[in-house]
Amino acid sequence: MFTGIVEDIGSIGSIEQNGSSLVLQIKAKFASELTLGESVAVNGICLTVTKKDDASFSADVTPETFRRTSLSLLSAGSPVNLERAMRADGRFGGHIVSGHIDGTGRLTAIRMEDNAYNVFFRVEKPLFRYIIEKGSVALDGISLTVASVKNEGNYGEFSVAVIPHTWENTALKNKRVGSIINVECDVVGKYIEHFANIGSSSPTSSEKIDMMTFTSFHKN
């Protein structure tokens, strides 16, 4: 699990592509501290360390992750947000971030307001329903608060207000209008919707059989 507090801005060292799968080599300040099998969020995507040295680590990217994220747009030298998995005794600085990307959004505008970078994004409707005003969202692995939402018919638009510290210490400062960003919606809302939908539907025949088996087993 992650919290959306970016620990380091790393960079892509190399990319090996085979169809829709990748092997990424990522340069990171904390590479020497990693262990094989450890999880690292790369632009918000939970990846597993498969190789490492003192300056970089490697991670495999599956076709599913390739399709769901903006990793296909990276090239050697691209800056990436990095966060190691949260320690059990660590501070919970952001919100619950799984590193499992729901989809991507497109940056549509950046508007300055005093000390804030008001950044606007457009997403498709399946993602937009989970984005609520003053709720949490992870954008390229950065825990941010939704400032505004606007329904635009076939898609939705939302904004986040970014303070100067976050702007300067994440790869967000390298984004421009038109840039694609990874979006992970608040996991709590997704679970609530899932269980609410289960409760509102009648069980299938197989579910009824499983329940009968379960009841019979516990009576004996």
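Rules used throughout
Residues numbered from 1 in each chain as written. Predicted model: local features only at pLDDT ≥ 70, side-chain atom pairs only at ≥ 80, totals over all residues. Heavy atoms only, no water. Buried < 20%, exposed > 50% of the residue type's maximum accessible area, 1.4 Å probe, protein only. Helix = DSSP H or I, 4+ residues; strand = E, 2+ residues; numbered from the N terminus. Pairing = 2+ DSSP bridges. Axes fitted to C-alpha atoms, helices over the stretch in contact; angles between N-to-C directions. Salt bridge = Lys/Arg side-chain N within 4 Å of Asp/Glu carboxyl O. Core = buried A, V, L, I, M, F, W, Y, C linked by side-chain atoms within 4.5 Å. Contact = heavy atoms within 4.5 Å. Patch = residues over 30% accessible without salt bridge, like charges linked within 9 Å, V, L, I, M, F, W, Y side chains within 5 Å. Areas by Shrake-Rupley, 256 points an atom, 1.4 Å probe, with all protein chains shown as cover. pLDDT = per-residue confidence, 0-100.

Quick word on the pairing of strand E8 (residues 116-124)
Line of reasoning, step 1. When you tally the buried positions in E8, you get seven out of nine residues, the bulk of the element.
Line of reasoning, step 2. With seven bridges connecting them, strand E7 (residues 103-113) and E8 associate as antiparallel partners. Counterpart to Glu113 in the pairing with E8 is Ala116.
Line of reasoning, step 3. The hairpin formed by E7 and E8 contains two residues between the paired strands, and Asp114 there has a positive phi angle of roughly 55°.
Line of reasoning, step 4. Relative to strand E11 (residues 155-162), E8 is paired through eight bridges, and the arrangement is antiparallel. Across the sheet, the residue bridging to Tyr117 is Val162, located in E11.

Examining the sheet that holds E7
Line of reasoning, step 1. Spatial ordering of the closed barrel is given by E7-E8-E11-E10-E9-E12, a layout of six strands whose pairing is antiparallel. Sheet twist, expressed as the average angle between the axes of neighbouring strands with direction ignored, equals 45°.

A word on the pairing of strand E2 (residues 21-27)
Line of reasoning, step 1. Side chains Leu22, Leu24 and Ile26 of E2 all project onto a buried face; the interleaved residues Ser21, Val23, Gln25 and Lys27 project onto a face where none is buried.
Line of reasoning, step 2. By the bridge criterion, seven bridges tie strand E1 (residues 8-18) to E2 in an arrangement that is antiparallel. Counted as the bridge partner of Glu16 is Val23 from E2.
Line of reasoning, step 3. Between the antiparallel neighbours E1 and E2 lie two residues, among them Gly19 with a positive phi of about 70°.
Line of reasoning, step 4. Two strands pair when backbone bridges link them, and E2 and strand E5 (residues 56-61) are joined in this way by six bridges, in the antiparallel orientation. Counted as the bridge partner of Leu24 is Ala59 from E5.

Observations regarding the pattern of salt bridges
Line of reasoning, step 1. Following the criterion strictly, the structure yields eight salt bridges and no others.
Line of reasoning, step 2. Two residues, Asp102 and Lys190, come together in a salt bridge whose shortest N-O distance is 2.9 Å. Taken together, the residues Asp102 in the loop between strand E6 (79-84) and E7 and Lys190 in helix H4 (residues 187-200) connect sequence positions 88 residues apart.
Line of reasoning, step 3. The structure contains a network of salt bridges with shared partners spanning Glu7, Glu33 and Arg84.

Things to note about the nonpolar core
Line of reasoning, step 1. Grouped together as the largest cluster of nonpolar side chains are 23 residues, with contacts concentrated most on Leu139, Phe158 and Val160.
Line of reasoning, step 2. Looking at this core, the elements that each hand over two or more residues are E8, helix H2 (125-128), strand E9 (136-139), strand E10 (142-151), E11 and strand E12 (180-185).
Line of reasoning, step 3. At four residues, E8 tops the list of elements feeding residues into this core.
Line of reasoning, step 4. The residues touching Val160, leaving out its near neighbours within four places in the chain, are Tyr117, Asn118, Val119, Phe121, Val137, Leu139, Leu144, Thr145, Val146 and Ala147.
Line of reasoning, step 5. The next biggest cluster of nonpolar side chains, apart from the first, holds 22 residues, and it includes Ala31, Val40, Ala59 and Leu74.

Examining the sheet that holds strand E4 (residues 45-52)
Line of reasoning, step 1. The sheet built from six strands closes into a barrel, its strands ordered E1-E2-E5-E4-E3-E6 with antiparallel pairing. With strand direction ignored, the average angle separating the axes of adjacent strands in the sheet is 45°.
Line of reasoning, step 2. Relative to E6, E1 runs antiparallel, the two sharing four bridges. When the sheet's bridge partners are listed, Ile9 is paired in E6 with Asn81.

A closer look at the environment of Ala59
Line of reasoning, step 1. Residue position: Ala59 is located in strand E5.
Line of reasoning, step 2. Residues Ala59 and Ile26 lie 33 residues apart in sequence; the distance between their C-alpha atoms is 8.1 Å.
Line of reasoning, step 3. Filtering out sequence-adjacent residues up to four positions away, Ala59 remains in contact with Leu22, Val23, Leu24, Leu47, Thr48 and Thr50.

Side note on a nonpolar patch on the surface
Line of reasoning, step 1. A surface patch of nonpolar side chains, about 460 Å² in accessible area, is lined by Met1, Phe92, Ile96, Val188 and Ile192.
Line of reasoning, step 2. Tracing the backbone shows Phe92 in the loop between E6 and E7.

Brief notes about the confidence of the model for the chain
Line of reasoning, step 1. Across the chain, pLDDT averages 89, with 90% of residues at or above 70.
Line of reasoning, step 2. A low-confidence stretch, residues 205-220 stays under pLDDT 50, and its non-local contacts, those more than four residues away or across chains, total two contacts.

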